[in-house]
Amino acid sequence: MKKILMLLCLVAAGSSFAQIKMQGVVKDSIGAPLELANVIAINQETNGLESYAVTNDQGKYVLSLGKNGKYKLQVSYIGLKSHEEVISTAEADITKDFTLMPDNSLDAVELTYEMPVTVKGDTIVYNADSFKNGSERKLEDVLEKLPGVEINDDGQIEVEGKTVSKLMVNGKDFFDGDTKLATKNIPSNAVDKVQVLRNYAEVGQLSGVQNNQDNVAINIKLKEGKENFWFGDITAGTGTAPSPNDELYLVQPKLFYYSPKYSINLIGDMNNIGEVALTNRDLRGFGGGFRMPSRTSGTSINLGDNGLGGLTSIANAQEVVTKLASANFSYSPNKALDLSGFLIFNSSRLRTREESFIDYIELEDDPSTTDIDESTTIPPDEETLSTGREATNQFIAKLSASYKPNVNNQLDYDVLARLSDDEERQNLFSSVVGNTNQLDEVKPFSINQNLNYYYTLNENNIFAFEAQHLIKDEDPFYNALLQNDPNNNDDEDNDAFDDTASGLGLDLDQLSYDLNQDRRVKSNQLDAKVDYFNILNSKSNINFTLGTIFSNQKFNSNIFQFLDDGTILDPTPTITNEGELLTAENDNVEYRFSDVYLGVHYRFKTGKFTFTPGVSFHAYSNQNTQNGDTFKDNFLNVLPDFEARVQFKKSESLQFNYNMTNTFTDITNIAEGIVLNNYNSIQFGNPELQNALSHNFRLFYSSFNLFNYTNVFAGANYSKNEDQIRGLTNFESVIRTSTFFNSQFADESASVFGRVERTFGKFRARMGANFNYSKLNQFVQGAQSLNESFTQSYSPELRTNFREAPNVRLRYRYTVRDNEQGDNTTKFITRAPSVEFDAYIWDALSFVTEFTYNEQESDGQTQVFKTWDASLRYRKDRDAKWEYSLRASNILDIDSNISNGAGTISVFSSETFIQPRFITLRLTYTL
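Residues numbered from 1 in each chain as written. Predicted model: local features only at pLDDT ≥ 70, side-chain atom pairs only at ≥ 80, totals over all residues. Heavy atoms only, no water.

1. Re the overall build of the protein chain
For step 1, the next point in the chain: Across its full length, the protein chain carries five helices and 55 strands.
For step 2, the next point in the chain: For the protein chain, whose C-alpha radius of gyration is 31 Å, the value lies close to the compact-globule estimate of 30 Å for 927 residues.
For step 3, the next point in the chain: Referenced to the eigenvectors of the C-alpha coordinate spread, the extents of the protein chain come out at roughly 100 × 70 × 55 Å.
For step 4, the next point in the chain: Relative to its 927 residues, the protein chain shows a buried fraction of 50%.
For step 5, the next point in the chain: Accessible surface, the protein chain: about 42,200 Å² in total, of which carbon and sulfur atoms supply 52%. (Helix = DSSP H or I, 4+ residues; strand = E, 2+ residues; numbered from the N terminus. Rg over C-alpha atoms; globule rule 2.2 N^0.38 Å. Buried < 20%, exposed > 50% of the residue type's maximum accessible area, 1.4 Å probe, protein only. Areas by Shrake-Rupley, 256 points an atom, 1.4 Å probe, with all protein chains shown as cover.)

2. Considering the sheet that holds strand E15 (residues 172-173)
For step 1, the next point in the chain: The six strands lie next to each other as E9-E10-E16-E17-E14-E15, forming an open sheet whose pairing is mixed. Strands with a single pairing partner mark the edges of an open sheet, and in this sheet they are strand E9 (117-120) and E15.
For step 2, the next point in the chain: In this structure, strand E16 (residues 191-198) lies alongside strand E17 (residues 216-222), joined through seven bridges in antiparallel fashion. What sits directly across from Val191, in E17, is Leu222. (Pairing = 2+ DSSP bridges.)

3. Concerning the pattern of salt bridges
For step 1, the next point in the chain: A full pass over the atoms with the stated rule returns 35 salt bridges.
For step 2, the next point in the chain: The shortest N-O distance in the salt bridge between Lys223 and Asp129 comes to 2.6 Å. Linking Lys223 in the loop between E17 and strand E18 (230-240) with Asp129 in the loop between strand E10 (123-127) and helix H2 (139-143), this pair joins segments that are 94 residues apart in sequence.
For step 3, the next point in the chain: Close ionic contact of Glu319 with Arg351 constitutes a salt bridge, the shortest N to O distance being 3.2 Å. One end of the pair, Glu319, is in strand E22 (residues 319-334); the other, Arg351, is in strand E23 (residues 337-360), with 32 residues separating them in the sequence. (Salt bridge = Lys/Arg side-chain N within 4 Å of Asp/Glu carboxyl O.)

4. Considerations on the nonpolar core
For step 1, the next point in the chain: In this structure, Tyr126, Ile157, Leu167, Phe174, Leu181, Ile218 and Ile344 are the most contacted members of the largest nonpolar core, which totals 51 residues.
For step 2, the next point in the chain: It is E17 that provides the largest number of residues to this core, a total of four residues.
For step 3, the next point in the chain: Setting aside residues no more than four positions away along its own chain, Leu167 makes contact with Leu139, Ile157, Lys172, Asp173, Phe174, Thr179, Ala182, Ile218 and Ile220. (Core = buried A, V, L, I, M, F, W, Y, C linked by side-chain atoms within 4.5 Å. Contact = heavy atoms within 4.5 Å.)

5. Section: the packing of aromatic side chains
For step 1, the next point in the chain: This structure, assessed with the given rule, holds 35 aromatic pairs.
For step 2, the next point in the chain: Ring geometry for Tyr61 and Phe98: centres 5.9 Å apart, planes at 45°, overall tilted. Taken together, the positions of Tyr61 in strand E4 (residues 60-66) and Phe98 in strand E8 (residues 98-99) put the pair 37 residues apart, joining distant regions of the chain. One exposure class covers both Tyr61 and Phe98, and it is buried.
For step 3, the next point in the chain: With a centroid separation of 5.9 Å and 0° between ring planes, the pair formed by Phe609 and Phe611 is classed as stacked.
For step 4, the next point in the chain: The class for Phe609 is partly exposed, based on a relative accessible area of 37%. (Phe/Tyr/Trp six-rings, centres within 6.5 Å; stacked < 30°, edge-to-face > 60°.)

6. Description of the pairing of E10
For step 1, the next point in the chain: Counting buried positions over the five residues of E10 gives four, a clear majority of the element.
For step 2, the next point in the chain: Across four bridges, E9 lies against E10 in antiparallel orientation. Residue pairing across strands places Val117 opposite Tyr126, the latter belonging to E10.
For step 3, the next point in the chain: Between E9 and E10, which pair antiparallel and follow one another directly, the connecting turn spans two residues, one of which, Gly121, has a positive phi of 65°.
For step 4, the next point in the chain: Looking at chain direction, E10 and E16 are connected through five bridges and run antiparallel. Within the sheet, the bridge partner assigned to Ile124 lies in E16 and is Val196.

7. Brief notes about the sheet that holds strand E5 (residues 70-76)
For step 1, the next point in the chain: Read across the open sheet, the four strands follow the order E3-E2-E5-E6; overall the sheet is antiparallel. For this open sheet the edge positions go to strand E3 (49-54) and strand E6 (83-88), each flanked by a neighbour on one side alone. Neighbouring strand axes in the sheet, compared pairwise and without regard to direction, differ in orientation by 20° on average.
For step 2, the next point in the chain: Across six bridges, the pairing between strand E2 (residues 38-43) and E5 is antiparallel. Bridge pairing in E5 links Asn43 to Tyr71. (Axes fitted to C-alpha atoms, helices over the stretch in contact; angles between N-to-C directions.)

8. Quick notes on the side chain of Lys162
For step 1, the next point in the chain: The topology assignment puts Lys162 in strand E13 (residues 162-163).
For step 2, the next point in the chain: What Lys162 contacts, discounting residues up to four positions off in sequence, is Ile157, Gln213, Asp214, Val216 and Phe700.

9. A look at the environment of Val432
For step 1, the next point in the chain: Among the secondary structure elements, Val432 is positioned in the loop between strand E25 (409-430) and strand E26 (434-442).
For step 2, the next point in the chain: For the pair Val432 and Arg817, spaced 385 residues apart in sequence, the C-alpha to C-alpha distance is 29 Å.

10. Regarding the pairing of strand E1 (residues 19-27)
For step 1, the next point in the chain: Burial along E1 is one-sided: the residues Ile20, Met22, Gly24 and Val26 are buried and none of Gln19, Lys21, Gln23, Val25 and Lys27 is.
For step 2, the next point in the chain: In this structure, E1 lies alongside strand E7 (residues 94-95), joined through two bridges in parallel fashion. The partner of Gln23 across the bridge, within E7, is Thr95.
For step 3, the next point in the chain: Sheet topology places E1 next to E8; two bridges connect them, and they run parallel. Bridge assignment links Lys27 to a residue of E8, and that residue is Thr99.

11. Here's the deal with a nonpolar patch on the surface
For step 1, the next point in the chain: A cluster of nonpolar side chains, contributed by Leu343, Phe345, Phe395, Leu419, Phe445, Ile447 and Ile471, occupies part of the molecular surface with about 570 Å² of accessible area.
For step 2, the next point in the chain: Overall, Leu343 belongs to the partly exposed group, its relative accessible area being 46%. (Patch = residues over 30% accessible without salt bridge, like charges linked within 9 Å, V, L, I, M, F, W, Y side chains within 5 Å.)

12. Quick look at the environment of Ser681
For step 1, the next point in the chain: With respect to the helices and strands, the residue Ser681 is situated in strand E40 (residues 681-684).
For step 2, the next point in the chain: A residue is classified by how much of its surface remains accessible, and Ser681, at 14% relative accessible area, is buried.
For step 3, the next point in the chain: Separated by 578 residues in sequence, Ser681 and Asp103 place their C-alpha atoms 75 Å apart.
For step 4, the next point in the chain: The residues contacting Ser681, other than those within four sequence positions of it, are Val675, Leu676 and Arg736.

13. Brief notes about a negative patch on the surface
For step 1, the next point in the chain: A cluster of like negative charges, contributed by Asp359, Asp381, Glu383 and Asp859, occupies part of the molecular surface.
For step 2, the next point in the chain: By secondary structure assignment, the location of Asp381 is in the loop between E23 and strand E24 (382-406). (Lys, Arg positive; Asp, Glu negative; His and termini not counted. Charge placed at Lys NZ, Arg CZ, Asp CG, Glu CD.)

14. So, the confidence of the model for the protein chain
For step 1, the next point in the chain: Per-residue pLDDT for the protein chain has a mean of 88; in total, 94% of the residues score no lower than 70.
For step 2, the next point in the chain: Taken together, the stretch residues 1-17 has pLDDT below 50 and engages in 15 contacts with residues farther than four places along the chain or on a different chain.
For step 3, the next point in the chain: A low-confidence stretch, residues 366-376 stays under pLDDT 50, and its non-local contacts, those more than four residues away or across chains, total 14 contacts. (pLDDT = per-residue confidence, 0-100.)

15. Brief notes about the environment of Asn393
For step 1, the next point in the chain: Tracing the sequence through the fold places Asn393 in strand E24.
For step 2, the next point in the chain: Considered as a pair, Asn393 and Thr322 are 71 residues apart in the sequence and their alpha carbons are 9.8 Å apart.
For step 3, the next point in the chain: Excluding residues that lie within four positions of it along the chain, Asn393 makes contacts with Phe345, Asn346, Ser347, Arg349, Leu419, Ser420, Asp421 and Asp422.
For step 4, the next point in the chain: Of note is the side chain of Asn393, whose polar atom sits 2.9 Å from the side chain of Ser347. (Polar contact = N/O pair within 3.5 Å; in protein donor to acceptor, adjacent residues only side chain to side chain.)

16. Details of unusual backbone geometry
Glycine aside, a negative phi is what most residues show, and trans is what most peptide bonds show.
For step 1, the next point in the chain: Phi is positive for Trp842, close to 60°, though the residue is something other than glycine.
For step 2, the next point in the chain: Note on placement: Trp842 falls in the loop between strand E49 (824-841) and strand E50 (845-858).
For step 3, the next point in the chain: Residue Asp893 is not a glycine yet carries a positive backbone phi of 55°.
For step 4, the next point in the chain: With respect to the helices and strands, Asp893 occurs in the loop between strand E52 (882-889) and strand E53 (896-902).
For step 5, the next point in the chain: Looking at Asp893, the relative accessible area reads 30%, which means it is partly exposed.

Have a look at this one:
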């Protein structure tokens, strides 16, 4: 790795010695400097783009040119006549100024090359062909080469540190709600321009009265000739797995059609190789672009998630079989009406295997807080071996309509339906409990509707109505079959689960414990608000908001035992809470929550500063009914918020935010009866839980400087949570019992992050750093203790972007995590250098490979795992219809990867088994 880095540095140094610097100032006819003027230099010998520059706020530009060469210079600025001139270079640097005149004629210099990057207001436009070298196949391959753009570890697009919230193609939504379907499927040869829309406003009428600095969208402009024609590709592949009975297969049709009036996108995928555009976790979080009207009100209510909690990452599965069928459409019957929507069906079958070791930490009690019961013990250390199968079928459908009869009216309606059928079977062997078979099943569905209306009365008065209604129905079923010896129930060395089984009221005289639980959670929530914006003058406006959140949840659960003779036992638990016996069922528990609020925000500008102070007044009402008792809590609260922004330059800003938030829990933490998270995690709720209050601070700096090709962003966050809902945890062997309460101890978290990126000719260097600190109070075995965690991560990177020569990307990730749990301290260090290499040879052959070396160190022990993937692709020429490729994944045939970490009361090490080496031959036809 060091030798490669040194070689790249020598190449960069050598190339710099063969160049000269040309600089100067671009002015208009009256001598005023022009910011964001474009200067390009075209090599007269090769007719290729040699260098380009964008002027800074003083009109200055800098070009890097070869010595003893001849170049055509083209200088352009919107609204002025372009200038063209041929110059010759020698051995010395050149200083030359340009003056652009008003464009009063129809004749203009024809620009031979488009600028690789241009800035038009809040829009950055990348010319995709300027960054391609021929090895790209999908949109993500192009985006990764654009300065200021990154594909993060979750596969989402980030621009200047902000996650892209919307991706469009030719101005039409593309599977609104997630950008991965676009980045992994849109062919790179169809991309002409990438438009980054900063400060993006979904509703044009509100763009001048709202702060949209955190909203970033991307619009992909297709090449000429792609409209009114189907384009895309179809890939089919086969290969042989290590097992002689398994044959690999892959079929991926990806077809697109765009016209001014409508568009259709069809994406399919069927393979057993583990290559997926959207994982199960992605689909679970696929929001369809929905945003809650109350997101800025200061109120947060969590309706919970009672689906499959242990969805496995594709990278951690031994076997993956997936099927995906999706369609996205848009239709504009006239200028006033836009219709769009999508359908997604995903089916996956996963097989998993994981070996873990859990080391429980003995916590010291703080004598100033809570007394520890000397009779209680920390659980024994535990080794586990888990093998499982996961089957998931998910269906998502969305329909949207937007009606804009004129500039003063806009009506939007969206409906998103979600249905899934999930099942997970797991065989778990524990060194403490023994063998356990588990089954989780759930068939949840939800319907989310959104209705928005925006009305501009006149230039000074704007009204907005936003409403969202959610219906959700979840029905999880859980079964655990645990081994049992009915002859040792009264012995000191009885089975590990016997005491818990006795507490649950199970029959101990059975050959095994067949434990079951039915649950049903129904949620109904309305979130609506009305906004009035009054534009006081060109520098200020005031916003009044009247809104409400109403939520109703109903919960039922029942624990029962199948006996050896096939009958069913409804147990009577002996577990108590504050002296009262708990039940094995929650019968018709109902939880109602409402919030009526009035918000006022005043936004004003002065010079480079924009301030938005605000406050919201809330009337809260909580009520839950269970076991014939009703618990009520009505109160008033005032929640302030504040935003300040400094716009130093067009592409440089500093933003500060503060807001106070009230957070409310869901019904599962309120239900008093016993609930099984699984056989070794049992909880019962607290009907008197109150809200948690948090103070949130955020500082964010962003600079995108095209003059010196430097992109910088940095930020800091701090949160302090008061009355946080925390668990009171006790252990019986490794069986965890938890209930909840509002902690009097404040929890805190802080983070500082940043990234600097600089381009030097064909080389781009990047340095990122993250620092995270958290302080969490925990309550285990009657003791209060403090869990502190500090993580620091550094990620330097160097990559090349040659048009002809091969390209290399070197990355290094260094992470240190320190945990203090009571008097116990643990440290985990991760070192992960990686190298990517891609070459486009003879205008026909592409070779791409990536290697990562991952080293994890803990307690003086070091564990290593490596990943190496490669592909070789042949296409007769850039315009050829057929492509042949050979791909290999996990070339080193590594069986598993290793991970280490720390929980609130334990340190763990796990070995997760992954897919073996796969080699596949693929054939792709391009439309």
